[in-house]
Amino acid sequence: MEIRDLTVRYGEKVVFDHRDFSIPDRGLTLLSGPSGVGKTTLLKALFERCPAAAFLFQEDRLLPWRTVAQHLTDVMPKSRRGEVPDILALVELTGEEDAYPHQLSGGMARRLALARCLALGGERYLLDEPFAGVDLPRQRRILEGLRALGKPVLLTGHGGELEAWVDQVLTLEPEG
Amino acid sequence: MKRWVKRVLRVLLPLAVWLGVWQCLAGWVGLELLLPGPGRVLERLAALCPTPLFWRAALATLGRVFLGGALGALGGALVAALSARWEPVDWVMTPMMKVVRATPVASFILLIWLWCQAGWVPAVIAALMSAPVVWGATAQAIGDTDPQLLEMARAYRFSRWKTARLVYLPSVLPAVLAGCRTALGLAWKAGVAAEVLCRPRRALGTQVYNAKLSMETADLFAWTAVVVCLSFAVERALWWAWRALDRRGRRWGHGDP
């Protein structure tokens, strides 16, 4: 996937100035770079250009009044609701179907947000900090699950381990 | 102090203090025509309670105010929802609601009385009093809905109906119900005031007026006490409804809805 001539400014601050990006169309790609370099901005720009993608926000954005299972079925057509147990198993939330978000830990809530994004489905997954608060062994297992889905995944995150587990790393450099 | 003792005292102590003050004042005035004592009012209340007139008047007033208040609340919430959806509706309805809110209730009573039968006036007044309050609460709550959740709903391709059902409705419901409590209190007072002015055949307000006309001050107090008790009962019923929702809100992790 290509993005040409991307310019993004927040007031006076220029995040991208006529930049080109080439995003791999397969496997797991880690978008890395220092804080504030524009990782989230690039993900959002990609999402705007590819509405068939599924986007995971940096914040969980869960509905406090919906259960874990309802969060998934809310974004799925009825014909795909049989996939709920598989998706919950992928993010290791099996058994939490009837829990409400406030009954989950921070890491579990993050995994629920990820599960909802996966339940939405799409041509590719754009995941902003999917593993915030998730322990490393679990991160690795979930990454393997994501790889098995067979769709291109672009994710942001921190830590050397993550770089070692993905298929490719795209490093963003600060503007100027 | 045990919890149940404290709860009983919280009800009985203020009751005893204020009844005592009332009795002292009545004794000091010494004229039942001006200020009857609580015993005499209770006596009249006991005499009125078993009469069909009492129940007919109480039920008619309750029905009128509740019907009018509920329709007004529903209308106010609907206007707020439509205003949030279509800006021109907001342009048209906001000044209207503000005018209704600012207009003295007495003016409304007299105007509505020109156009409606006396029996309908309290219901219309109750509706007019509750609509702007619920409209304000609903509009505010819709405006305060978490923008991040709304962005999520768009990104996850929620339909308008699904966004309304899963995001807006649970977000605004506690505030709307709190608005309804305030609105019903206002509707109750205004509705009874309309009854006093218009005097429908069966109404608590009419009985209040008749008692005043025949200088039966003890009856005037007794009918007023009925109005106050019914107001408390309605307020309490709504409070229970609100608390049930509040508990649900806490289960949802809302804190104070």
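So, a few notes on the structure that sits alongside this text.

Remarks on the overall build of chain A
Phase 1 of the analysis: Each helix and strand counted, chain A has six helices and seven strands in total.
Phase 2 of the analysis: Starting at the N terminus and ending at the C terminus, chain A contains elements arranged as β-β-β-α-β-α-α-α-β-α-β-α-β.
Phase 3 of the analysis: Since a compact globule built from 176 residues should have a radius of gyration of about 16 Å, the 16 Å found for chain A is in line with a globular shape.
Phase 4 of the analysis: Taken along its principal axes, the extent of the C-alpha atoms in chain A is 50 × 30 × 30 Å.
Phase 5 of the analysis: Buried residues in chain A amount to 54% of all 176 residues.
Phase 6 of the analysis: Restricting to contacts in chain A with at least 6 residues of sequence separation, those with at least 24 account for 69%.
Phase 7 of the analysis: Looking at chain A as shown, the accessible area adds up to about 7,800 Å², and 49% of this sits on carbon and sulfur atoms.
Phase 8 of the analysis: Treating the 22 positive side-chain charges of chain A as one cloud and the 26 negative ones as another, the clouds have centres 3 Å apart.

Comments concerning helix α5 (residues 105-115) of chain B
Residue and element names in this part refer to chain B.
Phase 1 of the analysis: Among all positions in α5, only F108, I109 and I112 are buried. Taken down its axis, α5 places every buried residue within 100 degrees of arc, on the same side.
Phase 2 of the analysis: Buried residues in α5 make contact with α4 (87-102), α6 (121-143) and α8 (160-198).

As for the sheet that holds strand β6 (residues 153-156) of chain A
All names here are of chain A.
Phase 1 of the analysis: Spatially, five strands are ordered β4-β5-β6-β3-β7 in an open sheet, and the strand pairing comes out parallel. Strands at the two margins of the open sheet, each flanked by one partner only, are β4 (54-56) and β7 (168-171). The sheet shows a mean angle of 15 degrees between the axes of neighbouring strands, direction not considered.
Phase 2 of the analysis: Strand direction decides the pairing type here: strand β3 (residues 28-32) and β7, joined by four bridges, are parallel. Across the sheet, residue L31 finds its bridge partner in β7, namely L170.

A short note on unusual backbone geometry
Phase 1 of the analysis: Of note, the phi angle at R61(A) is positive, near 50 degrees, even though the residue is not glycine.
Phase 2 of the analysis: Residue position: R61(A) is located in the loop between β4 and α2 (68-73).
Phase 3 of the analysis: Unlike most non-glycine residues, R199(B) shows phi in positive territory, near 50 degrees.
Phase 4 of the analysis: Positionally, R199(B) belongs in the loop between α8 and α9 (204-213).

Some words on the pattern of salt bridges
All names here are of chain A.
Phase 1 of the analysis: Applying the stated criterion across every chain, the model contains 16 salt bridges over all chains.
Phase 2 of the analysis: A salt bridge links D25 to R124; its shortest N-O distance comes to 2.2 Å. Here R124 lies in the loop between α4 (106-120) and β5 (125-127) and D25 lies in the loop between β2 (13-22) and β3, a separation of 99 residues in the sequence.
Phase 3 of the analysis: By relative accessible area, which is 48% here, D25 ends up partly exposed.
Phase 4 of the analysis: The exposure class assigned to R124 is buried, which follows from its relative accessible area of 8%.
Phase 5 of the analysis: Residue D60 pairs with R110 through a salt bridge whose shortest N-O separation is 2.9 Å. Of this pair, D60 sits in the loop between β4 and α2 while R110 sits in helix α4; the two residues are 50 residues apart in sequence, bridging distant segments of the chain.

Structural notes on a positive patch on the surface
Residue and element names in this part refer to chain B.
Phase 1 of the analysis: Among the surface-exposed residues, R3, R7, R236 and R243 lie close enough to one another that they form a single positively charged patch.
Phase 2 of the analysis: When contributions to the positive patch are tallied by element, the ones reaching two or more residues are α1 (3-29) and α10 (217-251).
Phase 3 of the analysis: Examined against the element boundaries, R236 turns out to sit in helix α10.
Phase 4 of the analysis: For R236, a relative accessible area of 42% corresponds to the partly exposed category.

Some remarks on the layout of surface pockets
Residues and elements named next belong to chain B.
Phase 1 of the analysis: In this structure, the largest pocket occupies an estimated 1,000 Å³ of space.
Phase 2 of the analysis: Contributing to the lining of the largest pocket are 35 residues, with A81, I142, A164, Y168 and L169 lying nearest its centre.
Phase 3 of the analysis: The element best represented in the lining of the largest pocket is α8, accounting for 14 residues.
Phase 4 of the analysis: Its residues assigned to classes, the lining of the largest pocket shows 27 nonpolar, four polar and four charged.
Phase 5 of the analysis: Taken as a whole, the second largest pocket encloses approximately 520 Å³ of empty space.
Phase 6 of the analysis: Elements supplying a minimum of two residues to the lining of the second largest pocket: α1, α2 (38-48) and α10.
Phase 7 of the analysis: Considering every element that reaches the lining of the second largest pocket, the biggest residue donor is α10, with six residues.
Phase 8 of the analysis: Its residues placed into classes, the lining of the second largest pocket shows 14 nonpolar, one polar and no charged.

Concerning the interface of chain B and chain A
The figure often quoted for interface size is the accessible area lost as the parts come together.
Phase 1 of the analysis: Listed per partner, the contact involves 18 residues of chain B and 23 residues of chain A.
Phase 2 of the analysis: For the pair chain B and chain A, the summed buried surface comes to about 1,900 Å²; carbon and sulfur atoms form 60% of the total.
Phase 3 of the analysis: One can count one salt bridge joining chain B with chain A.
Phase 4 of the analysis: Between E151(B) and R61(A) there is a salt bridge; the shortest N-O distance is 2.5 Å.
Phase 5 of the analysis: Linking chain B with chain A are six residue pairs in polar contact (both at pLDDT 80 or more), by the criterion used here.
Phase 6 of the analysis: Of all elements in the fold, only α7 (147-155), α8 and α10 of chain B reach the threshold of two or more residues within the side of chain B that touches chain A.
Phase 7 of the analysis: Looking at the side of chain B that touches chain A residue by residue, the class counts come to nine nonpolar, four polar and five charged.

The rules we used
- Residues numbered from 1 in each chain as written.
- Chains lettered and ligands numbered in written order.
- Predicted model: local features only at pLDDT ≥ 70, side-chain atom pairs only at ≥ 80, totals over all residues.
- Heavy atoms only, no water.
- Helix = DSSP H or I, 4+ residues; strand = E, 2+ residues; numbered from the N terminus.
- Rg over C-alpha atoms; globule rule 2.2 N^0.38 Å.
- Buried < 20%, exposed > 50% of the residue type's maximum accessible area, 1.4 Å probe, protein only.
- Contact = heavy atoms within 4.5 Å.
- Areas by Shrake-Rupley, 256 points an atom, 1.4 Å probe, with all protein chains shown as cover.
- Lys, Arg positive; Asp, Glu negative; His and termini not counted.
- Charge placed at Lys NZ, Arg CZ, Asp CG, Glu CD.
- Arc of directions from axis to C-beta.
- Pairing = 2+ DSSP bridges.
- Axes fitted to C-alpha atoms, helices over the stretch in contact; angles between N-to-C directions.
- Salt bridge = Lys/Arg side-chain N within 4 Å of Asp/Glu carboxyl O.
- Patch = residues over 30% accessible without salt bridge, like charges linked within 9 Å, V, L, I, M, F, W, Y side chains within 5 Å.
- 1 Å grid on protein atoms, 1.4 Å probe; cavity = no way out; pocket = protein on both sides within 12 Å on 5 of 7 lines; lining within 4 Å.
- Points joined across faces, edges and corners; volume = space filled by probe spheres on them.
- Nonpolar A, V, L, I, M, F, W, Y, C, P; charged D, E, K, R; others polar.
- Buried area = accessible area lost by both parts, 1.4 Å probe.
- Polar contact = N/O pair within 3.5 Å; in protein donor to acceptor, adjacent residues only side chain to side chain.

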